[in-house]
Amino acid sequence: MKKILKIIAIVALVFTTSCGKETKTIVDNRPAVHVKVSTPLSENSTFISASGKIEAVQNANLSTRMMGFVDNIYVNVGNKVTKGQLLLSINSADIIAQKAQVNASITEATAAFNNAEKDYKRFIALFKDNSASQKEMDDISANYEMAKARLEAANQMKNQVNAQLSYSNIRAPFTGIITGKFVNKGAMANPGMPLISIETPGKFQVISMVPESDITSIKKGVNVNVLVKSTNQLITGKVTEVSTSAKNTGGQYLVKILLDKTDIHILSGMFTSVQFPVKKNSATTNLVLIPQSALIKQGQLTGVYTVGNENAAILRWLRIGKTFGDKVEVLSGLAANEQYIVSTEGKLYNGAKISIQ
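Quantities reported herein were computed from a predicted structural model and do not represent experimental measurements. (Residues numbered from 1 in each chain as written. Predicted model: local features only at pLDDT ≥ 70, side-chain atom pairs only at ≥ 80, totals over all residues. Heavy atoms only, no water.)

**Q** Describe the overall build of the protein chain, and please don't skip the residues or the numbers.
**A** If you tally the helices and strands in the protein chain, you get three helices and 24 strands. Within the protein chain, the proportion of its 357 residues that are buried is 31%. Long-range pairs, those at least 24 residues apart, make up 73% of the contacts in the protein chain between residues at least 6 apart in sequence. When the accessible surface of the protein chain is totalled, it reaches about 22400 Å², and 53% of it is carbon and sulfur. (Helix = DSSP H or I, 4+ residues; strand = E, 2+ residues; numbered from the N terminus. Buried < 20%, exposed > 50% of the residue type's maximum accessible area, 1.4 Å probe, protein only. Contact = heavy atoms within 4.5 Å. Areas by Shrake-Rupley, 256 points an atom, 1.4 Å probe, with all protein chains shown as cover.)

Take a look at the structure:
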């Protein structure tokens, strides 16, 4: 019993002593990081954005219909070529042998035809003088027609061999620049296999794939803006083709945009963002846009620093949407009236003390 009373007395004494002390305020003496803040740009969605890729209007991948070893390649990537210039040759010894056989067949068929034609003309004269029977005339006529058919078959076979030979010599279909070489000397060329690619520079178009939810808003002949992602430069163009089927493109509709002439250096294969204008209506939604320079990326996550209580930097993770020039759409994670940090003069981290300029 005495021990219990002692314990109660000690607890009471400690409680009385602690209540008599004053509470101290913790002061944050950390240096503040100077930052600039802004609020998201909220605007009506008056255009549709879709990704695309630049290519030359006139381009081709050259291949062959025959199988054979590559004898020689006469051009390299970057070479300028003219229409009809020999680019690549494939071994065609077997076809040349066939051509010699066909020429011999033509010589034989020509001699047989000439002889049959002379007999035919003689028997016509004899038949008119009743010196030849109808049966003899019919036999000579049949022999003449067969000789004529054999000569025609031999000539057509020669055309076939010449066509095969043309596929052993790959020539430039138009004047342009060699952009790709996909085979080496001595390699086996197979039918349909790309051998050389060629394009005509100076006139470019963009191939863009538009989802089915937006394709009905895009019309042929509309002027559009095209942002080249690698250089962040804007080019204008016009829609020249709008596909009406997505059967072979996985639900994406192909749209072609012919680019206007520009001094901006562009190359085939560059990726772009195409902005198709659409009409405003009551269903037009507001977009929340922030500059891409304000985004923070950590692995697969994308966020932005916002201003928290007592001027502390708070890292907020976002779900972003389409890209519009140098800005990106925020789908969730940031309201239109919330402040976010645009730039900083020092190292910024989650919870850092900030000073707004």
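**Q** Residue-level account of the pattern of salt bridges, with values.
**A** It is possible for side chains of opposite charge to pair when their charged atoms get near one another. One pass over the full model with this rule turns up four salt bridges. With a shortest N-O distance of 3.8 Å, Glu241 and Lys256 are connected by a salt bridge. You can see Glu241 sitting in strand 14 (residues 233-242) and its partner Lys256 sitting in strand 15 (residues 252-259), a full 15 residues away along the chain. Since its relative accessible area comes to 23%, Lys256 is described here as partly exposed. Across the pair Glu338 and Arg316 runs a salt bridge whose closest N-O atoms are separated by 3.0 Å. Of the two residues, Glu338 sits in the loop between strand 22 (327-332) and strand 23 (340-344) while Arg316 sits in strand 20 (residues 313-317), which places them 22 residues apart along the sequence. (Salt bridge = Lys/Arg side-chain N within 4 Å of Asp/Glu carboxyl O.)

**Q** Explain the environment of Ser268 to me, and be specific about the residues and the numbers.
**A** Turning to its location among the elements, Ser268 is positioned in the loop between strand 15 and strand 16 (271-277). Between the C-alpha atoms of Ser268 and Glu55, which are 213 residues apart in sequence, the distance is 4.4 Å. Look past the residues within four positions of Ser268 in its chain and what remains in contact with it is Ile54, Glu55, Ala56, Glu199 and Phe204. Here Glu199 takes part through its side chain, which lies 2.9 Å from a polar atom of the side chain of Ser268. (Polar contact = N/O pair within 3.5 Å; in protein donor to acceptor, adjacent residues only side chain to side chain.)

**Q** Can you explain the sheet that holds strand 13 (residues 223-228)? Please cite residues and give values.
**A** One closed barrel accounts for six strands, arranged 3-12-15-14-13-16; its pairing is antiparallel. With strand direction ignored, the average angle separating the axes of adjacent strands in the sheet is 40°. (Pairing = 2+ DSSP bridges. Axes fitted to C-alpha atoms, helices over the stretch in contact; angles between N-to-C directions.)

**Q** Before we move on, can you summarise unusual backbone geometry with the specific residues and values?
**A** One non-glycine residue, Asn130, lies in the positive phi region at around 60°. Mapping Asn130 onto the fold places it in the loop between helix 2 (93-128) and helix 3 (134-166). Of note in the backbone geometry, Asn232 takes a positive phi value of approximately 55° without being a glycine. Counting through the fold element by element, Asn232 comes out in the loop between strand 13 and strand 14.

**Q** Please give an account of the packing of aromatic side chains that cites residues and values.
**A** Under the counting rule described, the total for this entry stands at two aromatic pairs. On the basis of an interplanar angle of 10° and a centroid distance of 4.6 Å, the ring pair of Tyr120 and Tyr144 is categorised as stacked. One end of the pair, Tyr120, is in helix 2; the other, Tyr144, is in helix 3, and 24 residues separate them in sequence. Looking at Tyr120, the relative accessible area reads 24%, which means it is partly exposed. Tyr144 gets classed as buried once you look at its relative accessible area, which sits at 12%. An aromatic cluster of three or more residues is present, and its members are Phe113, Tyr120 and Tyr144. (Phe/Tyr/Trp six-rings, centres within 6.5 Å; stacked < 30°, edge-to-face > 60°.)

**Q** Which residues make up the side chain of Gln205, and what are the values?
**A** If you trace the backbone, Gln205 turns up in strand 12 (residues 204-211). The buried category is assigned to Gln205, whose relative accessible area is 8%. Ignoring sequence-local partners within four residues, the contact set of Gln205 consists of Lys53, Ile54, Glu55, Ala56, Val57, Lys256, Ile257, Leu258 and Leu259.

**Q** Explain the sheet that holds strand 8 (residues 169-171) residue by residue, including any values.
**A** Read across the open sheet, the four strands follow the order 8-7-5-10; overall the sheet is antiparallel. Whereas interior strands pair on both sides, the edge strands pair on one side only; in this sheet they are strand 8 and strand 10 (188-189). As paired strands, strand 7 (residues 86-90) and strand 8 are joined by three bridges and run antiparallel to one another. Counterpart to Leu88 in the pairing with strand 8 is Ile170.

**Q** Can you explain helix 3? Please cite residues and give values.
**A** Taking 1.5 Å as the rise per residue, helix 3 with 33 residues should run 48 Å; its terminal C-alpha atoms sit 48 Å apart, in good agreement. When helix 3 is considered as a whole, its buried residues turn out to be Met137, Ile140, Tyr144, Ala147, Leu151, Ala154, Val161 and Leu165. Where helix 3 is buried, its residues contact helix 2 and strand 8. (Expected span 1.5 Å × (residues − 1).)

**Q** Lay out the pairing of strand 14 with the relevant residues and their values.
**A** Relative to strand 14, strand 13 runs antiparallel, the two sharing six bridges. Each bridged residue has a counterpart across the sheet, and for Val226 the counterpart in strand 14 is Ile235. Connecting the antiparallel pair strand 13 and strand 14 is a turn made up of four residues, with Asn232 showing a positive phi of about 55°. With five bridges joining them, strand 14 and strand 15 adopt antiparallel strand pairing. Paired with Gly237 across the two strands is Leu259, which belongs to strand 15.

**Q** Help me get a handle on the pairing of strand 15, residues and values and all.
**A** Consecutive side chains along a regular strand alternate between the two faces of the sheet. The two faces of strand 15 differ: Tyr253, Val255, Ile257 and Leu259 on one face are buried, but Gln252, Leu254, Lys256 and Leu258 on the other face are not. The pairing of strand 12 with strand 15 spans seven bridges and is classified as antiparallel. Each residue of the ladder has a partner; that of Val210, found in strand 15, is Tyr253.

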